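Chain residues, written in single-letter form:
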Amino acid sequence: MKAKCSFVRSIGRSKIVSGLFYICFVLFSSTALFAHNLWVVGDAKKNGDGSVHLYFEHHVGPGDGGFIGPILKNGKTWLNIPDSSARLIELNEITEDSLKYLGGSTGKIKPPFSIDHKSLYGIYHGRLDFFYGRYIQVTQMKELSEFAESPHLPFQIVPEWKQGKLSLRVKLFSNPYPRAKVYLLSPDGTEKEFIANSKGELVIPGKIAGTYHFASYAFEHDAAGVFNTDAFKGIMYGSTLTLQLPKQQ
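Residues numbered from 1 in each chain as written. Predicted model: local features only at pLDDT ≥ 70, side-chain atom pairs only at ≥ 80, totals over all residues. Heavy atoms only, no water.

K.L.:
Quick question: what am I supposed to make of the overall build of the protein here?
P.N.:
Along its length, the protein carries three helices and 17 strands. Here the protein holds 249 residues, and the buried ones make up 52% of them. Of the contacts formed within the protein by residues at least 6 apart in sequence, a portion of 62% connects residues at least 24 apart. Carbon and sulfur atoms make up 50% of the accessible area of the protein, which amounts to about 11700 Å² in all. (Helix = DSSP H or I, 4+ residues; strand = E, 2+ residues; numbered from the N terminus. Buried < 20%, exposed > 50% of the residue type's maximum accessible area, 1.4 Å probe, protein only. Contact = heavy atoms within 4.5 Å. Areas by Shrake-Rupley, 256 points an atom, 1.4 Å probe, with all protein chains shown as cover.)

Structure (structure tokens):
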């Protein structure tokens, strides 16, 4: 991957929203992954110390870190807690036993809270790539409403608790994204594919408590422009959502 540093020609929001988007296929298996995904994990040490990990790998975990440079350079990360303004979190490159990831800290913390990350990766195979990631942890399902939609991420998977079920809405620039494909790695390790309805909505069946990892990709193949003096054709948006959910009460 070839990373760049500045955006010389911007793409108008109306063009992006009205353009033709596609959802790419994503696999989560640790042995058969097709693409890097940007995963954010809050309270990564599970002890309340506020450790934050960001992985940009084929799986949810550290790897060789070969492509994290642009994510570190161009990315921004926010902590969101109830009744408070979002706060930026500084991330740094961490190496442990030859494995690399980005790490930082929110300071001691208890749920509910969420963490957002956005990155402009740069040009890859002639296409301009953007990556977004979210982590949400709650103690009660009703708390999802406080964090459901991020103001920081143009393309995102928005969780909702509706009528005793976990629902998702895929949104692009705050607009519903119809017929989106969303891929899930469940707490039991199974992988599933879902397709949203005409309003960009879908319902996740089954047991709720545990950690869920969702991902979706969108492409605008006709968009074109220049990024740091290099021309590109096509834009890709990748978005992930990690949910840490409690048992139903």
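K.L.:
I'm lost on the sheet that holds strand 6 (residues 92–96) in this one. Help?
P.N.:
Remark on secondary structure: sheet strands pair via backbone hydrogen bonds, oriented parallel or antiparallel. Spatial ordering of the open sheet is given by 2-3-7-6, a layout of four strands whose pairing is antiparallel. Bordering the open sheet on either side are strand 2 (37–42) and strand 6, each of which pairs with just one other strand. The average angle at which neighbouring strand axes cross in this sheet is 35°, direction not considered. For strand 2 and strand 3 (residues 51–57), the ladder comprises six bridges, and the chain directions are antiparallel. When the sheet's bridge partners are listed, Trp39 is paired in strand 3 with Tyr55. (Pairing = 2+ DSSP bridges. Axes fitted to C-alpha atoms, helices over the stretch in contact; angles between N-to-C directions.)

K.L.:
Just to check I follow, could you spell out the packing of aromatic side chains for this structure?
P.N.:
How two aromatic rings sit relative to each other is set out by the distance from centre to centre and by the angle between their planes. For the structure on display, the rule yields nine aromatic pairs. Considering the side-chain rings of Phe56 and Phe131, the 4.8 Å spacing of their centres and the 75° angle between planes classify their relative orientation as edge-to-face. Of this pair, Phe56 sits in strand 3 while Phe131 sits in strand 9 (residues 127–137), placing them 75 residues apart in sequence. On the accessibility criterion, Phe56 (1% relative accessible area) is buried. A centroid spacing of 6.3 Å and a plane angle of 10° characterise the contact between Tyr212 and Phe214, whose relative ring orientation is stacked. The class for Tyr212 is buried, based on a relative accessible area of 3%. (Phe/Tyr/Trp six-rings, centres within 6.5 Å; stacked < 30°, edge-to-face > 60°.)

K.L.:
Would you mind showing me how to read the pattern of salt bridges here?
P.N.:
Side-chain pairs of opposite charge can arise where the charged atoms are in close proximity. For the structure on display, the rule yields six salt bridges. Between Lys100 and Glu93 there is a salt bridge; the shortest N-O distance is 3.8 Å. By relative accessible area, which is 28% here, Lys100 ends up partly exposed. Asp129 is paired through a salt bridge with Arg127; the nearest N and O atoms lie 2.7 Å apart. One exposure class covers both Asp129 and Arg127, and it is buried. (Salt bridge = Lys/Arg side-chain N within 4 Å of Asp/Glu carboxyl O.)

K.L.:
Where do I start with the side chain of His213 in this structure?
P.N.:
Looking at the element boundaries, His213 is found in strand 16 (residues 210–227). At a separation of 3.0 Å, a polar atom in the side chain of His213 contacts the side chain of Thr242. (Polar contact = N/O pair within 3.5 Å; in protein donor to acceptor, adjacent residues only side chain to side chain.)

K.L.:
Hey, could you run me through unusual backbone geometry in this one?
P.N.:
With glycine set apart, most residues show a phi of negative sign, and most peptide bonds adopt trans. That bond from Pro111 to Pro112 is cis: its omega, 15°, falls within 30 degrees of zero. With a phi angle near 45°, Asp43 is a residue other than glycine that sits in the positive phi range. Using a relative accessible area of 13% as the deciding quantity, one classes Asp43 as buried.

Function-wise, these values are silent; they only describe arrangement.
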